[in-house]
There are 2 protein chains.
Amino acid sequence: MTTASDKQDFHARLLQIGKERYHDKHPFHVMLHGGGCTITQVRAWVINRYYYQSRIPMKDAAFLSRCDDPQLRRAWRSRIEDHDGGLGEGGGIRRWLRLAEAVGLDPGYVASTKGVLPATRFAVDAYVSFVREKPLLEAVASSLTELFAPKIHSERIAGLLEHYAFADDAALAYFRQRLAEAPRDVEFGLGYVLDHADTREKQDAAAAALTFKTDVLWAQLDALYSAYVAPARIPPGAWNGRDGVIREPAAE
Amino acid sequence: MTTASDKQDFHARLLQIGKERYHDKHPFHVMLHGGGCTITQVRAWVINRYYYQSRIPMKDAAFLSRCDDPQLRRAWRSRIEDHDGGLGEGGGIRRWLRLAEAVGLDPGYVASTKGVLPATRFAVDAYVSFVREKPLLEAVASSLTELFAPKIHSERIAGLLEHYAFADDAALAYFRQRLAEAPRDVEFGLGYVLDHADTREKQDAAAAALTFKTDVLWAQLDALYSAYVAPARIPPGAWNGRDGVIREPAAE
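Residues numbered from 1 in each chain as written. Chains lettered and ligands numbered in written order. Predicted model: local features only at pLDDT ≥ 70, side-chain atom pairs only at ≥ 80, totals over all residues.

A.B. asks: Could you clarify how one ought to interpret the overall build of chain A in this entry?
C.D. replies: Of regular secondary structure, chain A possesses 11 helices and zero strands. Taking 2.2 N^0.38 as the reference for a compact globule, 252 residues should give roughly 18 Å; the C-alpha atoms of chain A span a radius of gyration of 18 Å, in line with that estimate. Seen through its principal axes, chain A has C-alpha atoms that stretch 60 × 40 × 35 Å. The 252 residues of chain A split such that 42% are buried. (Helix = DSSP H or I, 4+ residues; strand = E, 2+ residues; numbered from the N terminus. Rg over C-alpha atoms; globule rule 2.2 N^0.38 Å. Buried ≥ 20, exposed ≤ 12 C-beta atoms within 10 Å, placed from the backbone.)

A.B. asks: What's the story with the interface of chain A and chain B in this structure? I'm lost.
C.D. replies: A common way to report how large an interface is uses the accessible area buried once the components associate. Taken together, the contact between chain A and chain B spans 19 residues of the former and 19 residues of the latter. Among the secondary structure elements, those contributing two or more residues to the side of chain A that touches chain B are helix 1 (4-21), helix 7 (118-133) and helix 11 (200-228) of chain A. Top contributing element to the side of chain A that touches chain B by residue count: helix 7 of chain A, with seven residues. Of the residues that constitute the side of chain A that touches chain B, the class distribution is 11 nonpolar, two polar and six charged. (Contact = placed C-beta atoms within 7 Å. Nonpolar A, V, L, I, M, F, W, Y, C, P; charged D, E, K, R; others polar.)

A.B. asks: In this structure, what is going on with helix 7 of chain A? I would like to understand it.
C.D. replies: Since one α-helical turn is 3.6 residues long, residues separated by three or four positions face the same way. With 16 residues, helix 7 of chain A extends 22 Å from end C-alpha to end C-alpha; this agrees with the ideal 22 Å at 1.5 Å per step. Within the sequence span of helix 7 of chain A, burial applies to Pro-118, Ala-119, Thr-120, Arg-121, Phe-122, Ala-123, Val-124, Asp-125, Ala-126, Tyr-127 and Val-131 of chain A. As for helix 7 of chain A, its buried residues are in contact with helix 3 (39-65), helix 8 (136-141) and helix 11 of chain A together with helix 7 (118-133) and helix 11 (200-228) of chain B. (Expected span 1.5 Å × (residues − 1).)

A.B. asks: Got a minute to help me understand the nonpolar core in this structure?
C.D. replies: It is characteristic of soluble globular proteins that their nonpolar side chains tend to be buried jointly. Among the nonpolar cores identified, the biggest contains 131 residues, and Val-46 of chain A together with Val-46 of chain B are the most heavily contacted of them. Ignoring sequence-local partners within four residues, the contact set of Val-46 of chain A consists of Leu-99, Ala-100, Val-103, Leu-105 and Val-110 of chain A. (Core = buried A, V, L, I, M, F, W, Y, C linked by C-beta atoms within 7 Å.)

A.B. asks: How should I be thinking about unusual backbone geometry in this particular structure?
C.D. replies: It is generally the case that most residues other than glycine have a negative phi and that most peptide bonds are trans. Residues and elements named next belong to chain A. Cis geometry is found at the peptide bond from Ala-230 to Pro-231, where omega equals -5 degrees. One can find Pro-231 in the segment after helix 11. The residue Thr-113 is not glycine, and still its phi comes out positive at about 60 degrees. The exposure class of Thr-113 is partly exposed, given the 15 C-beta atoms found within 10 Å.

A.B. asks: Looking at this structure, how should I read the relation of the copies chain A and chain B?
C.D. replies: For the pair of chain copies, the relating transformation is a rotation about an axis with a translation along it. Least-squares fitting of chain A to chain B yields an RMSD of 0.0 Å, with the transformation described by 0.0 Å of translation along the axis and a rotation of 180 degrees. The superposition operator between the copies reduces to a two-fold rotation axis. Ranked by how close their C-alpha atoms come to the rotation axis, the residues of chain A are headed by Phe-122 of chain A, at 2.6 Å. In this assembly, 100% of the residues forming the interface of chain A have copies in chain B that are likewise at the interface, indicating an isologous arrangement. (Least-squares fit on C-alpha atoms with pLDDT ≥ 70 in both.)

A.B. asks: What should I look at first to understand the packing of helix 7 of chain A against helix 11 of chain A in this one?
C.D. replies: A pair of packed helices is captured by two measures, namely the crossing angle of their axes and the spacing between those axes. Residues and elements named next belong to chain A. At their nearest, the axes of helix 7 and helix 11 sit 8 Å apart, and the two run at 165 degrees to each other. With respect to each other, helix 7 and helix 11 are oriented roughly antiparallel. Helix 11 is crossed by helix 7, and the crossing has left-handed handedness. Mapping the contact onto sequence places Ala-119, Thr-120, Ala-123, Val-124, Ala-126, Tyr-127 and Phe-130 in helix 7 and Phe-212, Lys-213, Val-216, Ala-219, Gln-220 and Ala-223 in helix 11. For the contact of helix 7 with helix 11, the residue count by class is 10 nonpolar, two polar and one charged. (Axes fitted to C-alpha atoms, helices over the stretch in contact; angles between N-to-C directions. Parallel < 35°, antiparallel > 145°, perpendicular 65-115°, else oblique. Left-handed = near helix turned anticlockwise from the far one by under 90°.)

A.B. asks: Explain the environment of Ala-238 of chain B here, please?
C.D. replies: Residues and elements named next belong to chain B. Take Ala-238: it is sitting in the segment after helix 11. For the pair Ala-238 and Ala-119, spaced 119 residues apart in the sequence, the C-alpha separation amounts to 10 Å. What Ala-238 contacts, discounting residues up to four positions off in sequence, is Gly-115, Leu-117 and Ala-227.

A.B. asks: When you look at the environment of Leu-32 of chain A in this model, what are you seeing that I'm missing?
C.D. replies: Residue and element names in this part refer to chain A. Within the fold, Leu-32 resides in helix 2 (residues 27-33). Under the C-beta neighbour-count criterion, Leu-32 is labelled buried, with 22 such atoms within 10 Å. Residues Leu-32 and Pro-118, 86 residues apart in the sequence, show an inter-C-alpha distance of 21 Å. Leave out the neighbours within four places in its chain, and Leu-32 touches Cys-37 and Trp-45.

A.B. asks: Any chance you could explain the confidence of the model for chain A here in plain terms?
C.D. replies: Where the model shows low pLDDT, its predicted coordinates should not be examined in detail. Looking at chain A, the pLDDT average stands at 94 and 98% of residues meet or exceed 70. Model confidence for the complex: the whole-complex pTM is 0.92, and ipTM, which rates the interface, is 0.87. (pLDDT = per-residue confidence, 0-100.)

A.B. asks: Got a minute to help me understand helix 10 (residues 173-196) of chain A in this structure?
C.D. replies: All names here are of chain A. An ideal rise of 1.5 Å per residue puts 34 Å on 24 residues; helix 10 measures up with 34 Å between its terminal C-alpha atoms. The axis of helix 10 is deflected most strongly, by about 35 degrees, at Leu-179, and proline Pro-183 appears within four residues downstream. Among the residues of helix 10, those classed as buried are Tyr-174, Phe-175, Arg-178, Ala-182, Asp-185, Gly-189, Tyr-192 and Val-193. Against the buried residues of helix 10 lie helix 4 (70-84), helix 5 (92-102), helix 8, helix 9 (149-163) and helix 11. (Bend = angle between axes of the 7 residues up to and from the residue.)

Here's what the structure looks like:
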């Protein structure tokens, strides 16, 4: 059993993981937010990050499928709704495809996930498997990178608006919407983890789950950097910088 | 149904995948075999590749666990024996740890898999999941990178012996042994795939499985290159070039 002070220490430990390992420190994000990315690099990010977005509802469905507490399912279900939207409209995935269009990509090409880097697939699929296989506490803890997301989304909106001509409210709707959704999700997830990690062993497991998730995010940017930042080494079969491009975006 | 000439074309198609995508073309292997790697880069390769070796028997056990044909299980089982060896001796995993010792690493550290790059884990775990989840034909087809392995093992033995003082018969026993084992395994696997991929759809699925496996191998070298070749970007928590080093190897 843990005391209130244990709980505080554990909360601080989780925040420290983000400080040390969250992907806002990755050089690709520094380039992206500072206007240092070419349009090809921005497109590569949009194509690959789409794969992550597309797997989030599957990850959350895997979570629901293992969850025998109706109240926990009810609280968690909105995540799927937020990402998938309704039959005809809304949802993070469609908003992401608006960003794809804004950077001159065919949204059908992006949605096909052709050209996604194998390393992106491996990292994202590892996250889905983790949530499918691990104890619920660890599955919830792995979602807590959302603790650190509002800061990166705010920086991204400001940075993209400042540096790239394609960036406008429609293009960036995904990030603005996440600024509204993520705090609600993470408040619930954080409360759950702080309450249920009531032994040192469970705290260690939850911290390891959050660390794992920071690895999933970091590895995606490493793969992008390796493939598309000079000296670029695009793996066989991955996006070549031309497929799916339908028009050049407005001049900078 | 396929004709003999279909089968020949399909065989050629599989070989072509190796020509275009096998990891012997990766710049990290070119460096390694040509003597261009520092001892730290060789050690990083040994540490990360160990993770791959360590998961091969688990992958093959996943295959056996789904295989209701006793004769197929009997033919496949030797792969586990080859890698794991007996209770007290033998096996590819122990031979790999001899290589670890030869390059000055603590074999216990390497066997702990601490310091393995997250991207290595994601790629290798994707391979194990693939074999656990896909139809048997695709699981067998994903093993056919062994078609291309004898060449890389021969080049590696010659290149390591020529360029690195640590390389001797004991250090390189893993590769010599694989030269004896892999041709037997791949003859069986190739025969199985050529016989069972008896529609165009199954041929496509088998070719995709082999392509997937080349991605798994390529992604591991990409991750090594990105982390340990200048400008090195070691991800948070991965091997720092010092942990597990017990001595410097003999001078070059």
